[in-house]
Amino acid sequence: MNTYDQLYIDGQWLRPTLGGSFETLDPSDESLIAKVGAATTEDVDLAVKAARRAFDEGPWPQMSGAERATVLRAIASGIRERQDHLARLEVRDNGKPLPEALWDIGDTAGCFDFYADLAENLDGQREQPVTLADERFSCVARKEPIGVAGAIIPWNFPMLMAAWKVAPALAAGCCMVLKPSELTPLTALELADIAHQAGLPAGVLNVLPGLGAEAGAPLSEHPGIDKLAFTGSVPTGSRIMQAAARDIKNISLELGGKSPFIIFNDSDIEAAVEWIMFGIFWNQGEVCSATSRVLVQRELYEPLLKRLVEQTERLSIGNGLEEGVLLGPLVSRGQYDKVLQAIARGQEEGATLLSGGTRPAHCDKGYFLTPAIFADVPEDSWIWQEEIFGPVVCIRPFDDEAQALRSANDSRFGLAAAVMSRDVERAERVARRLRAGIVWINCSQPTFTEAPWGGYKQSGIGRELGEWGLTNYLETKQITRYDSQQPWGWYIK
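Visitor: Just to check I follow, could you spell out the overall build of the chain for this structure?
Guide: Helix and strand counts for the chain come out as 15 helices and 22 strands. Radius of gyration (C-alpha) of the chain: 24 Å, near the 23 Å computed for a compact globule of 493 residues. Per-residue burial over the chain gives 57% buried out of 493 residues. Partitioning the contacts of the chain with sequence separation of at least 6, the portion at a separation of at least 24 is 73%. Accessible surface, the chain as shown: approximately 20300 Å² in total, 50% of it carbon and sulfur. One way to put it: in the chain the 47 positive side-chain charges average out to a point 4 Å from where the 67 negative ones average out.

Visitor: Help me out: how do you make sense of the sheet that holds strand S14 (residues 352-355) in this one?
Guide: Consider a sheet: its strands pair through backbone hydrogen bonds, and that pairing is either parallel or antiparallel. Spatial strand order, S14-S15-S16-S13-S12-S18-S19: seven strands in an open sheet with mixed pairing. Looking at which strands have only one partner, the edges of the open sheet turn out to be S14 and strand S19 (438-441). Direction aside, the axes of adjacent strands within the sheet are offset by 20° on average. Sheet strands touched by helix H10 (residues 298-312): strand S12 (260-263), strand S13 (293-297), S14, strand S15 (372-375) and strand S16 (392-398). Its angle to S13, the strand with the most contacts, is close to 130°.

Visitor: Before we go on, may I ask you to explain the environment of Ser411 in this structure?
Guide: Relative to the assigned elements, Ser411 resides in the loop between helix H13 (401-409) and strand S17 (413-414). Residue Ser411 is classed as buried on the basis of its relative accessible area, which comes to 14%. As for Ser411 and Leu102, which are separated by 309 residues in sequence, their C-alpha atoms are 34 Å apart. When sequence neighbours within four positions are dropped, the list of residues in contact with Ser411 reads Lys258, Arg293 and Lys457.

Visitor: How do you make sense of the pattern of salt bridges when you look at a structure like this?
Guide: Side chains that carry opposite charge are capable of pairing whenever their charged atoms lie near each other. One pass over the structure, following the stated rule, counts 35 salt bridges. For the salt bridge of Arg136 with Asp134, the shortest nitrogen-to-oxygen distance reads 2.9 Å. Owing to a relative accessible area of 28%, Asp134 belongs among the partly exposed residues under this scheme. Linking Glu310 and Lys306 is a salt bridge whose minimum nitrogen-to-oxygen distance equals 2.8 Å. With Glu310 and Lys306 both in helix H10, this residue pair falls four residues apart, about one helical turn.

What counts and how
Residues numbered from 1 in each chain as written. Predicted model: local features only at pLDDT ≥ 70, side-chain atom pairs only at ≥ 80, totals over all residues. Heavy atoms only, no water. Helix = DSSP H or I, 4+ residues; strand = E, 2+ residues; numbered from the N terminus. Rg over C-alpha atoms; globule rule 2.2 N^0.38 Å. Buried < 20%, exposed > 50% of the residue type's maximum accessible area, 1.4 Å probe, protein only. Contact = heavy atoms within 4.5 Å. Areas by Shrake-Rupley, 256 points an atom, 1.4 Å probe, with all protein chains shown as cover. Lys, Arg positive; Asp, Glu negative; His and termini not counted. Charge placed at Lys NZ, Arg CZ, Asp CG, Glu CD. Pairing = 2+ DSSP bridges. Axes fitted to C-alpha atoms, helices over the stretch in contact; angles between N-to-C directions. Salt bridge = Lys/Arg side-chain N within 4 Å of Asp/Glu carboxyl O.

Dropping the structure here:
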């Protein structure tokens, strides 16, 4: 694609109705990448009506799963053909290092392939017989697509988060209106182009970049939407849930986190340091599941802190397109300022800043930040309790398993958690007592398309990925038939 100033609606590239646009910037040098078409209420209405027609009158919901799988695999192939271009675009739009972006785009293609397989499997599972107590009747439970889905995605994994919603929705037979983040809209528009080239029927996927108030809110409030899927902050998720309640819409929410990482004193210190760093500094800490609260058993606490500071200060920071860079810039000026304010607040609340939290000396432009390590963080402090969404890790010691579990579970969030120990039995026991939707043992952050993803408490509702992701976009219908040749006899005397 050579331009990003149009919206993708009903299989066509259209100028925004009001002709508006916004700028997307390269966070490494604050330069303009592109002017992007800005959708408004009028465009949302056009897109939802197009998706409604495609669902009610078009071929997509009526196709077999195998037929839909062919298109999904064509989308996956189209992504792989553009992988280098898409990854570099992701780096420029989001700031992440190129190896991570390449990994994300590869996972995006894999997500479409995975749901192509599930679409095929759906053909044999669409209707399941139900055994009834009355033999005069027969019954089947039938899985059908839920209808028109509205999806709103975040900026931290732009194309991958789109795939997590688009791929299962299309596999189920739904039609969708997708709103990417205004900070990182470019690869969603590329996805629309790829889907178009793959032969996806008009109206099945519509992509509307735009601001939250002007495009996201009208989408979440539109009466033509049957299902809302959102990934982002708790406050925005709460507003979407309120909007959905007015029309009793089906929703799935993947919201924030403040995930704990419990490290027992029998852990290998080098492995612990590496997983701590990956768990909070990967993608600049802009990860909803980041293990940002680290609890270290007291005997290991001081040596681990020393080694963590040494290793963290060796991380290379710079433009994500430069070879060897492990930390790019934060995504925007707004996010950069929020993280700096959080670091200042942590110091004011009595936590010890051991390292980082400042602009690197060699980066005079862009939203770069040295990763921050806080030690002895009070449990009642803001930085221990609230999501920062940046390269900031909070660490405190614990004495025994019970104390670690109490501290780890003492949070309004419950997205993810991790535990490290050579004692497998203890690690498994702790994992089962952690109140989180995703728990890692002896690692942090590995994510697999086959496994369920979602949280407890204020971290969200529902699950994405795996078969659970497909279920998000399916309804279950009961069809019961009277098979007896005898009259029912209710009123016959």
